[in-house]
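Chains, contacts and geometry: an overview
Spelled out, the chains give:
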Amino acid sequence: MSEPIQSQVSTHVSQSSGVAQLPHSKNTLYLIDVSSFIFRAFFAIRSLKNKAGEPTNAVYGVATMLARLAEEAKPEYLAVVYDSKEPSFRKEIYPDYKANRSAPPDDLIPQFARIEELMRGFEIHTYRQSGVEADDLIATLAKKWSQVSVENHVVIVSGDKDLMQLVDSQVVLWDTMTNKIYGPTQVEEKFGVKPDQIRDYLGLVGDSSDNIPGVPGIGPKTASDLLKEFKTLEQVLRSAQEGKIKGKKGDSLKNFEADARLSAELATVREDLKVEIPLESLRYHFHLTAAGTDLLRELDFHSLVSRWQTQTSVTQTPLPIEDLLSKEFQTISTESQFQNLLETLEKVSVFGIDLETTSLNPREAQIVGIAVCLPQDDPKGAAYIPLGHLDPSVVQLPRQEVLRRLKPLLENPKIKKIGQNLKYDWSVFFEKQISPAGIAADTMVAAYLLDPEGRHNLKALSLKYLGYEILSYEQVCGQGKDEIGFEHVSVSVATRYSAEDAWLAVRLWSQFRPLLEAEDLMPIFVQVDLPLVQILAQIELQGVCIDSSWLHQLSQEFSEELKGIEARVQAYASGPLNLNSPKQLGVFLFDELKLPTQGKTKTGFSTDARVLDVLAPLHEVPRLLLEYREISKLKGTYIDPLHLLIDPKTGKIHASFHQTVAATGRLSSSNPNLQNIPIRSERGMKIRRAFVPSPGHVLLSADYSQIELRLLAHMSGDPELVRSFQNNEDVHTRTASELFSIPNNQISEKQRSIAKAINFGLMYGKTAFSLAQELKIPRKEAQEVIDRYFQKYSAIKGFLDFQIVQAREKGYVTTLLGRKRWLPDISSKNPVIRNNAERMAMNTPIQGTAADLMKLAMIQIDQRLRSGGYHSRMIIQVHDEVVLDCPRDELVEVKKLVTEAMESAMTFSVPLQVNTCSGNNWMELS
């Protein structure tokens, strides 16, 4: 297992016939071909933007390249070289030179200025000479520097193959994007020719990126073979003219001799330019100015801020990860070591923790080891306690004894804990009869608050905020058929892997804490999201009982329905028909049944749900197909998989609840996805019947009534909507009365449905087009209804418009509790993308506040149940509903308790209303 660890810390590149290294001489000049690097970074790092929506992928590529230089090379001399904005001599001798290049992409253009700003932030001198390409300027500087002394070395930072012709005993090329270093041996391995033959090589093969023609029919392999035999381009051409090179390639060389010479001239870098740059002016030490620090923060490059001291001209010592992580972490394998660790932990106020186990399922996981880290920068403060490794070379302490002695520390709320995804660790401890307390920080949750739509795993966070690539689980345990359990990992490797995780969590928290404070996110982090970690762990472990016999019956029932529908559809067909084949259905519906086509896909006629909805009134078959698809989805997505998710030990389903997925702040779930179980159809509702209480218990549902509309009333301050809720009116009937100017008692069901669609739809940014489709009314009528609505509820219109304006000004919108959602696309030039961001701007403050309210309510419910000694427990949270498993003798009291907790979780200008219902399965509660 040592090889993957070593590959993490090596800065050298091994090749099949040797190793190329960065020069160790202090007299080494680093020449950065930034013009080429900008474009490579732009296309290699896609769709990266800061929170304000500004594209930053090219800037990030250049910034990380500078970071790598600072940390790994520590250059004494440095120059950043740009292409000239004016054409070079190559354009004069060949007007089509680079003629195939299009204008820079729109997202790249504003990044050029940012990159120059970045250079100023590092106080790096940049060089550009009129009419001179960067390659020629680099070549001239490299030659000038090398000629001073044989002790002088040059590192060209570029991936451009043209520059490889400069490589020799004093010059190497370092491609930082692939981390490959090219000396003469490596150049020859890559191209099959020596560096001084590269210009001739390019004369033969050409270069499509620069529109250099080369010789038709001469590819890389042929070119290298010819140059190995004849040494130079001139000798190759002469040999072709003399008939020594036969066949098509010989003919091509004779016919395109002039093109070959022209191509070689175009590819040859110039080393003889007049450059008035004093060599001593190239001396440089990396440092970051205050303006540079502000720029990195503005661009959301937090990992780079952590690498350099701010507002100082002194070079900061790089994060000493590579040298320390592989050897400084301690393995706790003796009683005296463990006792010393316990005594240390008892004295601290906070420590980092990470568990290694045999399974991702906390109910069956056995603890293999525990890593802890003290809240200090010195990695010596991190240690690993192996408890279950199948490693005979290391003595391990008894697992139960270690857990027994750690239990008081873990359960002490005054000694705080830091970790990544602590919900899992807490679940494992709960299963071992340990009730840990005192979460200081969960770095996954903190990262989610800072960037809800980012990636929140430890690898991504470490790269983003610390600039460090962690030792991955796959490197330690393998993957696929070669994967091993963690218990089979050697203790030495496990120490490095697990202690690193605990240590990085502590380091990340030191980054996140000031960021949360700066963004005013610390209150919601401490009061809402952190307390929920433990609650969700308990909900998952509690699980929900499943009536498997009902699932089996429902599966059979749906199978029979599918067979019946298939037979009815088949009766219309002229031959065998696969109802799951869109291509066959397209031919059947539009060629055989002659139904009107509704559009095409790449493979034929469209037969999606939208098309079938349009066709359903015209023929029975489209309606049957819609039914068939509904039943198939319910059976294949929910009913049959639910059987597989039942834990054989508990007889329950233990769904996973996630608080770091939905950007609005809502909770989500998986295995199964409880939020997506359809309840608008009778068949979908039947699935909920399988969710039942524990023996002797009932299910209790508590559901906020029209919560988002109530929040809209409060947040917009619209007097009509506020008054409607304060008077406990049917808000949809009231809205219909306002829209259609008729009394409440004369409102038809259709009019109320229109009002309901308007009330809920407009806060989601619903347009006249989508409203018309939903209500099956003309678009003009839908627009008239929307216009009348906003005339009656003008404050709502003002509130929604303000959210869009605020999002454009600040780049984000917030909930009432301060949760932020960044909307980088709010000013996009693409109207589809921009409109989607505007809808998010309108809805997120409302939906996000509803999510925060539910979380606060869950915290209140949990506290009241436990302080009151009740046995009722929350088992499901979906949308605005929470479901409890409740002993029958507690039902009356708990129903009151839950209602009070939910209705008092936050205070608004309109009253909150909670509907409660109890029953013997979840369907009865709906």
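Residues numbered from 1 in each chain as written. Predicted model: local features only at pLDDT ≥ 70, side-chain atom pairs only at ≥ 80, totals over all residues. Heavy atoms only, no water.

**Digging into the packing of aromatic side chains**
Quick note on the threshold: Only Phe, Tyr and Trp rings take part, Trp by its six-membered ring, and two of them pair if their centres are within 6.5 Å. Stacked means planes under 30 degrees apart, edge-to-face means over 60, and tilted covers everything else. By definition, being over a ring means that NZ of Lys or CZ of Arg is both within 6 Å of the ring centre and within 35 degrees of the ring normal.
Evaluated as defined, the whole model comprises 17 aromatic pairs. Following the ring pairs from residue to residue traces out a cluster consisting of Phe122, Tyr284 and Phe286. Over the ring of Trp550 we find Arg689; its NZ or CZ atom is 3.8 Å from the centre of that ring.

**Some points on the packing of helix α31 (residues 731-740) against helix α32 (residues 749-761)**
The geometry of a pair of packed helices is captured by two quantities: the angle between their axes and the separation between those axes. What counts here: With axes taken as lines fitted to C-alpha atoms, and helix axes fitted only over the stretch in contact, angles between N-to-C directions fall between 0 and 180 degrees. Counting from the N terminus, the helices are DSSP H or I runs at least four residues long and the strands are E runs at least two residues long. What sets the label is the angle itself: under 35 degrees gives roughly parallel, over 145 gives roughly antiparallel, 65 to 115 gives roughly perpendicular, and the rest give oblique. By definition, residues are in contact when any of their heavy atoms lie within 4.5 Å. Basically, the charged four are Asp, Glu, Lys and Arg, the nonpolar ten are Ala, Val, Leu, Ile, Met, Phe, Trp, Tyr, Cys and Pro, and anything else, Gly included, counts as polar.
Axis separation between α31 and α32 bottoms out at 8 Å; the angle between their running directions is 100 degrees. Regarding the angle of α31 to α32, the classification is roughly perpendicular. Between α31 and α32, the contacting residues are Val731, His732, Thr733, Thr735, Ala736, Leu739 and Phe740 on the first element and Gln751, Arg752, Ile754, Ala755, Lys756, Asn759 and Phe760 on the second. Tallied by class, the residues present in the contact of α31 with α32 amount to 7 nonpolar, 5 polar and 2 charged.

**Looking at helix α33 (residues 768-775)**
Let me state the cut-off plainly: Categorising residues by exposure relies on relative accessible area from a 1.4 Å probe, with only protein chains included: less than 20% of the type maximum marks a residue as buried, more than 50% marks it as exposed, and the intermediate range marks it as partly exposed. In this description, one arc is meant: the one made by directions from the helix axis to the C-beta atoms.
For α33, every residue scored as buried is listed here: Ala768, Leu771, Ala772 and Leu775. Taken end-on, α33 shows its buried residues confined to a sector of 100 degrees, consistent with a single buried face. Next to the buried residues of α33 lie α32 and α34 (779-792). A positive phi of about 55 degrees marks Lys776, the residue just after α33.

**Here we look at the sheet that holds strand β10 (residues 350-357)**
Applicable threshold: Paired strands, in this sense, are two strands between which DSSP finds at least two bridges.
Here we have 6 strands laid out as an open sheet, ordered β9-β12-β11-β10-β13-β14, and mixed in their pairing. Across the chains shown, the open sheet's two edge strands, defined by having one partner strand only, are β9 (330-331) and β14 (439-442). The sheet contacts of helix α17 (residues 399-411) involve β10, β11 (367-373), β12 (382-386) and β13 (416-419), and relative to β11 the element is tilted by about 40 degrees. Its contacts with the sheet put helix α19 (residues 443-450) on β13 and β14, and the angle it makes with β14 is roughly 55 degrees.

**Notes on the confidence of the model for the chain**
The criterion, for reference: One number per residue, pLDDT, summarises how confident the predictor is, and it ranges from 0 to 100.
The predicted model of the chain averages 86 in pLDDT, with 94% of residues at 70 or higher. Here residues 1-17 is modelled with pLDDT under 50, and outside its nearest four sequence neighbours on either side it reaches 34 contacts, counting other chains as well. In the predicted structure, residues 309-327 sits below a pLDDT of 50 and forms 30 contacts with residues beyond four places in sequence or in another chain.

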